[in-house]
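Structural overview
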Amino acid sequence: MSLQRRILLYLLVCAPLVWALGLAVSVNRAQHEVNELFDTAMIQLARQMQATLHFSESGTAAPVPSAGSQGEADVRDLAIAVWDAQGRLLLSDREGVELTRRPDAAGFVVDEIQGEAWRVYYLQSAGGEWLVAAGQKIEERDELVFSLTASQIVPWLLLLPVLLAAMVWAVRRALLPVRQLTAELQARDAADLHP
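Thresholds applied
- Residues numbered from 1 in each chain as written.
- Predicted model: local features only at pLDDT ≥ 70, side-chain atom pairs only at ≥ 80, totals over all residues.
- Heavy atoms only, no water.
- Core = buried A, V, L, I, M, F, W, Y, C linked by side-chain atoms within 4.5 Å.
- Buried < 20%, exposed > 50% of the residue type's maximum accessible area, 1.4 Å probe, protein only.
- Helix = DSSP H or I, 4+ residues; strand = E, 2+ residues; numbered from the N terminus.
- Contact = heavy atoms within 4.5 Å.
- Pairing = 2+ DSSP bridges.
- Axes fitted to C-alpha atoms, helices over the stretch in contact; angles between N-to-C directions.
- Polar contact = N/O pair within 3.5 Å; in protein donor to acceptor, adjacent residues only side chain to side chain.

Counting 13 residues, the largest nonpolar core has Ala 46, Met 49, Leu 53, Ile 80, Val 82 and Val 132 as the members making the most contacts within it. Where this core is concerned, the elements lending two or more residues are helix H1 (3-52), strand S1 (78-84), strand S2 (89-92), strand S4 (116-124) and strand S5 (130-137). Apart from the residues lying within four places of it in its own chain, the contact partners of Val 82 are Met 49, Leu 53, Arg 88, Leu 89, Leu 90, Leu 91, Trp 130, Leu 131 and Val 132.

Here is the structure:
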């Protein structure tokens, strides 16, 4: 195998591998950032809910007012619930979705609700009067990560063949003097000893 072919083979194999490694790192970082963003929002939601809970004489929580039109927001993938110390559900903003009551939980838990994975943040009140849970479907987060990385992948996928073609051209151009010397030496007589 010629030197040029060997170099091209290495480059054409290594460049896509390095590209794929970069893509994996990019997806991992995007997932980390998305989780951090949504986790912070869920912590704030749970803290705000805990701070604004108003109990009536009967010991039930005030109903959550309807948010009206949500516009582009997809609130079907979010849920919040509040339980009292006896485990009674005082508030749930979603019909048909019941977050799991976990009285000993604190912080984030991945839970399966109706066959789907949810990330749920649990916040216990200081006196133990109630437990607040704010949850979100993990699929929603994965969808955002996919959208972010897809918007980056498409241009790179389109540019990868251009990059590979440019590398082939550069290697051939760089090795042109070697190819010319090879052709000149092959054309000489075996007895020709000129430099």
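The structure having been displayed, the exposition proceeds.
Taken together, the five strands give an open sheet; going across it, the order is S2-S1-S5-S4-S3, and neighbouring strands pair in antiparallel fashion. Edge positions in the open sheet fall to S2 and strand S3 (107-113), since each of these has one partner strand only. The sheet shows a mean angle of 25° between the axes of neighbouring strands, taken without regard to direction. As defined by bridge partners, S1 adjoins S5 across seven bridges and the pair is classed as antiparallel. Among the inter-strand pairings, Ala 81 is bridged to a residue of S5, identified as Ala 133.

With that settled, consider the side chain of Asp 84. Among the structural elements, Asp 84 can be located in strand S1. In this structure Asp 84 comes out as buried when scored by relative accessible area, which is 7%. Within the structure, Asp 84 has its side chain in polar contact with the backbone nitrogen of Gln 86 (distance 3.0 Å). A polar contact is formed between the side chain of Asp 84 and the side chain of Arg 88, at a distance of 2.5 Å. Leaving out residues up to four positions away in the same chain, Asp 84 has contacts with Leu 90, Arg 101, Glu 129 and Trp 130.

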